[in-house]
Amino acid sequence: MRYMMMHKLDETLPGAFNPSPEFLTRMESFMKEAGQSGILLAAEGLCPTSKDDATRITVTSGKTTVTDGPFTETKELIAGFALVDVRSREEAVEWGRRFADIFAETIGDVEVDIRRVYESPE
């Protein structure tokens, strides 16, 4: 079963998108372990919306609106993700807890969503 672990950050907090060397070392170690275990399919961090290429597309009642970043009205943005292939929801939650702990111990408060990836029936 594939699960997406998405971490959120408040980009208005100083340093939220500027990880410390300690954070990078811990995250690299976690990703290596996940990769060696065979569960890691993909993982990436995202740039803050203050970069020139952040865009939000909204369709409401058939009207499409394109908004360029930064998205100052949004406190919690998806800042990165890891896609894992595990045997169960419980295993995904265990990896997700470890993923969240890295943020909590080096950056502070964080929220990680774990969502199963939809797979169409064969």
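Residues numbered from 1 in each chain as written. Predicted model: local features only at pLDDT ≥ 70, side-chain atom pairs only at ≥ 80, totals over all residues. Heavy atoms only, no water.

## Thoughts on the overall build of the chain
Assigned secondary structure in the chain consists of two helices and six strands. For the chain, the N- to C-terminal ordering of α and β elements is β-α-β-β-β-β-α-β. Summarising its shape, the C-alpha atoms of the chain cover approximately 45 × 45 × 20 Å along the three principal directions. Counting the 122 residues in the chain, one finds 30% classified as buried. Counting only contacts in the chain whose residues sit at least 6 apart along the sequence, the fraction spanning at least 24 positions is 77%. Carbon and sulfur atoms make up 49% of the accessible area of the chain, which totals about 8200 Å². For the chain, the distance from the average site of its 14 positive side-chain charges to the average site of its 22 negative ones is 3 Å. (Helix = DSSP H or I, 4+ residues; strand = E, 2+ residues; numbered from the N terminus. Buried < 20%, exposed > 50% of the residue type's maximum accessible area, 1.4 Å probe, protein only. Contact = heavy atoms within 4.5 Å. Areas by Shrake-Rupley, 256 points an atom, 1.4 Å probe, with all protein chains shown as cover. Lys, Arg positive; Asp, Glu negative; His and termini not counted. Charge placed at Lys NZ, Arg CZ, Asp CG, Glu CD.)

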